[in-house]
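The chain contents come next:
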Amino acid sequence: MARHTIDHLLELTAAALMRAGAGPDMAASTARSLVAAEAQGLASHGLARVSQYAAHLRNGRVNGDAKPKVVSERAAACLIDAEEGLAFPACDLAIKEAIERARKCGVAFAGITRSHHFGVAALHLEAAAAAGMVGLAFGNSPAAMPAWGGKRALFGTNPVAAVFPRRDGEPITIDLALSEVARGKLMVAARDGKSIPTGWALDRNGEPTTDPKAGLEGMMCPAGGVKGAMLAMMVELLCCSLTGAAFGFEADSFFVEEGNRPRIGQAFLVIDPGALAGTDTYLERVETLLTAMLVDEGVRVPGDRRRGIALKAMSEGVEVADALLAQLV
């Protein structure tokens, strides 16, 4: 285990993806997101994904030559075709479009179709927060959870995220999967030969399991039971019915090297506070809520822990296991 600079990891990651067939822009955009996730301590969505993405590129599950573009639009809405490439360049374009349209219209919705895994959802919203806007992100994923009362995987773990900018402090950042835990945590546990807690996953027979490999072959448990399952359905509809993307049950697992092109969807909503109660009122209301929350010892602003880890990584480097580094090289 050794520490490496962020620039070094960006170089290694982009080079690995280009060797697998990604174009330079796709490789650079993907590397930025994966290294940022690793720097925030989110190993399940960091460098561990490089070999997965590379295998998908080599096996034709991803179009390395994809150039995302706007294919349908109105003043406050647009649809972006990811062209079956890695999701990150399409997400960059979607957020750029949503910010520009929200400046003009007060609110904007950008949907993405024919996409792939989009990593840590909240990372895509940083640009919205920097622009002083509220941002929400939604993404569906290959089937990993049953509909409530069902016996087979139908919905993805379907992450949702939100950012709320502040007057002086760092933005509030909320990011969660709708499974009890992100499926990537099972991937990391399986890789490291560790067990998982009961309540994270079910095996292929629908029975609780502590074996991450059995969980990956089976199903994830929805967060909050029926409520999590209903929210997962909502995300499937937002990301697919509005964009024409594939539902989770139509996409082969990310955790297998061969299979179809997932063609899943993402959706971003960006809101300009100035179009509603006004920016000053918005900022005052945010701080009023945070002040009330932080009276209780142990409460923290969502997103602060990740930022603290990332700041340390920027100055001291990112700790990477030797085996994972060797895999990148």
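Every value quoted in this text rests on a predicted model; they were computed, and no experiment measured them.

Whenever I open this one, the overall build of the chain confuses me. Can you help?
Regarding its fold elements, the chain presents 11 helices and 14 strands. In terms of overall dimensions, the chain is globule-like: its C-alpha atoms have a radius of gyration of 19 Å, near the 20 Å expected for 329 residues. Principal-axis analysis of the C-alpha atoms places the extent of the chain at approximately 50 × 50 × 45 Å. Here the chain holds 329 residues, and the buried ones make up 53% of them. Counting only contacts in the chain whose residues sit at least 6 apart along the sequence, the fraction spanning at least 24 positions is 67%.

Would you mind showing me how to read the sheet that holds strand 13 (residues 264-271) here?
Strand pairing in a sheet takes place through backbone hydrogen bonds and is either antiparallel or parallel in direction. Here we have 7 strands laid out as an open sheet, ordered 2-3-4-13-5-8-9, and mixed in their pairing. Since the sheet does not close on itself, it has two edges, and those belong to strand 2 (69-74) and strand 9 (172-176), each with one partner. The sheet shows a mean angle of 10° between the axes of neighbouring strands, direction not considered. Bridging between strand 3 (residues 77-81) and strand 4 (residues 107-115) involves 5 bridges; their strand directions are parallel.

Would you take a moment to explain the domain arrangement of the chain for this structure?
Interface size is commonly expressed as the accessible area that is lost once the parts come together. As assigned here, the chain comprises domain 1 (2-179 + 222-276 + 321-326) and domain 2 (181-221). Computed over C-alpha atoms only, the centres of domain 1 and domain 2 are separated by 22 Å. Across the contact, 20 residues belong to domain 1 and 12 residues belong to domain 2. Both sides of the domain 1 and domain 2 interface together cover about 1200 Å² of buried area, and 68% of this is carbon and sulfur. The interface formed by domain 1 and domain 2 contains 0 salt bridges. At the level of secondary structure, the elements contributing two or more residues to the side of domain 1 that touches domain 2 comprise helix 3 (49-58) and strand 6 (145-146). Of the residues in the side of domain 1 that touches domain 2, the class split is 11 nonpolar, 6 polar and 3 charged.

When you look at the side chain of Thr243 in this model, what are you seeing that I'm missing?
With respect to the element layout, Thr243 can be found in the loop between helix 8 (226-241) and strand 13. Polar contacts involving the side chain of Thr243 include one to the main-chain carbonyl oxygen of Cys239, which spans 2.5 Å. Only 3.2 Å separates the side chain of Thr243 from the backbone nitrogen of Ala245, close enough to count as a polar contact. If we skip the residues at most four places from it in the chain, Thr243 touches Leu79, Gly111, Ile112, Thr113, Leu238 and Gln266.

I keep staring at the packing of helix 1 (residues 6-20) against helix 2 (residues 24-39) and nothing clicks. Help me out?
Axis angle and axis distance: for two packed helices, these are the angle between their axes and the distance between the axes, and together they describe the pair. For the pair helix 1 and helix 2, interaxial distance at closest approach is 8 Å and the crossing angle is 135°. One way to sum up the angle between helix 1 and helix 2 is to call them oblique. As for how helix 1 packs across helix 2, the hand of that crossing is right-handed. In contact with Ile6, Leu9, Leu10, Thr13, Ala14, Leu17 and Met18 of helix 1, helix 2 contributes Pro24, Ala27, Thr30, Ala31, Arg32, Leu34, Val35 and Ala39.

What am I meant to see in the packing of aromatic side chains here?
Within a pair of aromatic rings, the relevant descriptors are the distance that separates the centres and the angle that separates the planes. The tally for this structure, following the rule as stated, stands at 3 aromatic pairs. On the basis of an interplanar angle of 5° and a centroid distance of 6.0 Å, the ring pair of Phe247 and Phe249 is categorised as stacked. The class for Phe249 is partly exposed, based on a relative accessible area of 47%.

What am I meant to see in the packing of helix 2 against helix 4 (residues 88-105) here?
Where helix 2 contacts helix 4, the axes come no closer than 8 Å and their chain directions differ by 85°. Between helix 2 and helix 4, the crossing angle belongs to the class labelled roughly perpendicular. Together, Met26, Ser29, Thr30, Arg32, Ser33 and Leu34 of helix 2 and Phe88, Pro89 and Asp92 of helix 4 make up the contact between the two elements. When the residues that make up the contact of helix 2 with helix 4 are grouped by side-chain class, the tally is 4 nonpolar, 3 polar and 2 charged.

Any chance you could explain unusual backbone geometry here in plain terms?
Positioned with a positive phi, Glu84 is a non-glycine residue whose angle comes to about 65°. On the accessibility criterion, Glu84 (16% relative accessible area) is buried. The backbone of Asn158 sits at a positive phi, close to 45°, despite the residue not being glycine.

How should the nonpolar core be read in this particular structure?
If you look at soluble globular proteins, the nonpolar side chains tend to sit buried side by side. Counting residues in each nonpolar core, the largest one holds 28 residues, and the members touching the most others are Leu9, Leu17, Leu47, Leu57, Leu86 and Val320. Of all the secondary-structure elements, those providing two or more residues to this core are helix 1, helix 2, helix 3, strand 14 (318-320) and helix 11 (322-328). With residues near it in sequence (within four places) discarded, Leu47 still touches Leu9, Thr13, Leu34, Val35, Glu38, Val320, Leu324 and Leu328.

Explain the pattern of salt bridges to me, please; I cannot follow it from the model alone.
Close approach of charged atoms allows side chains with opposite charge to pair. Following the criterion strictly, the structure yields 16 salt bridges and no others. Between Arg263 and Glu84 there is a salt bridge whose closest N-O contact spans 3.2 Å. With a gap of 179 residues between them, Arg263 in the loop between helix 8 and strand 13 and Glu84 in the loop between strand 3 and helix 4 connect regions that are remote in the sequence. Arg263 gets classed as partly exposed once you look at its relative accessible area, which sits at 33%. Taking the shortest distance from any N to any O, the salt bridge between Arg166 and Glu287 comes out at 2.9 Å. Here Glu287 lies in helix 9 (residues 279-293) and Arg166 lies in the loop between strand 8 (160-164) and strand 9, a separation of 121 residues in the sequence.

Cut-offs applied
Residues numbered from 1 in each chain as written. Predicted model: local features only at pLDDT ≥ 70, side-chain atom pairs only at ≥ 80, totals over all residues. Heavy atoms only, no water. Helix = DSSP H or I, 4+ residues; strand = E, 2+ residues; numbered from the N terminus. Rg over C-alpha atoms; globule rule 2.2 N^0.38 Å. Buried < 20%, exposed > 50% of the residue type's maximum accessible area, 1.4 Å probe, protein only. Contact = heavy atoms within 4.5 Å. Pairing = 2+ DSSP bridges. Axes fitted to C-alpha atoms, helices over the stretch in contact; angles between N-to-C directions. Domains from an automatic or database assignment. Buried area = accessible area lost by both parts, 1.4 Å probe. Salt bridge = Lys/Arg side-chain N within 4 Å of Asp/Glu carboxyl O. Nonpolar A, V, L, I, M, F, W, Y, C, P; charged D, E, K, R; others polar. Polar contact = N/O pair within 3.5 Å; in protein donor to acceptor, adjacent residues only side chain to side chain. Parallel < 35°, antiparallel > 145°, perpendicular 65-115°, else oblique. Left-handed = near helix turned anticlockwise from the far one by under 90°. Phe/Tyr/Trp six-rings, centres within 6.5 Å; stacked < 30°, edge-to-face > 60°. Core = buried A, V, L, I, M, F, W, Y, C linked by side-chain atoms within 4.5 Å.

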